[in-house]
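So you can see what is in the structure, the chains are spelled out below.
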Amino acid sequence: MAELQEKVFLTFKEHFQAEPVLYRAPGRINLIGEHTDYNDGWVFPAAVDKEMVFAIRLLDSPEKHCSLVAVDLGETFSFSLEDVSRTEEKE
């Protein structure tokens, strides 16, 4: 397991006393053509040495609660999914 993945895994276990499922998203940059690849435009993507690693675990619980931990920032945030609502779309 890579160093960042292991750190995220262990931090999750420390905070939530459970084993998570890990997801990794490798970084990339578009040198030209931002948001045009899905519109048949020209693109020039390249990989970068950054990544995001997520540790997630669903609970079978009647509480609709979400807790987040940012390993790199050392910050936590919690909220109820019942308090989340759709915002108005801008035109």
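A few points on the structure.

Analysis parameters
Residues numbered from 1 in each chain as written. Predicted model: local features only at pLDDT ≥ 70, side-chain atom pairs only at ≥ 80, totals over all residues. Heavy atoms only, no water. Helix = DSSP H or I, 4+ residues; strand = E, 2+ residues; numbered from the N terminus. Buried < 20%, exposed > 50% of the residue type's maximum accessible area, 1.4 Å probe, protein only. Contact = heavy atoms within 4.5 Å.

Among the secondary structure elements, Val-71 is positioned in the loop between strand 3 (65-70) and strand 4 (75-80). For Val-71, a relative accessible area of 24% gives the class partly exposed. C-alpha separation for the pair Val-71 and Ala-55, spaced 16 residues apart in sequence, amounts to 11 Å. With residues up to four places along the chain from it excluded, the contact list for Val-71 reads Lys-7, Val-8 and Thr-11.

Moving on, we come to the side chain of Thr-11. One can find Thr-11 in helix 1 (residues 3-16). Exposure remark for Thr-11: the relative accessible area of 17% places this residue in the buried category. Not counting chain neighbours up to four residues away, the residues in contact with Thr-11 comprise Val-69 and Val-71.

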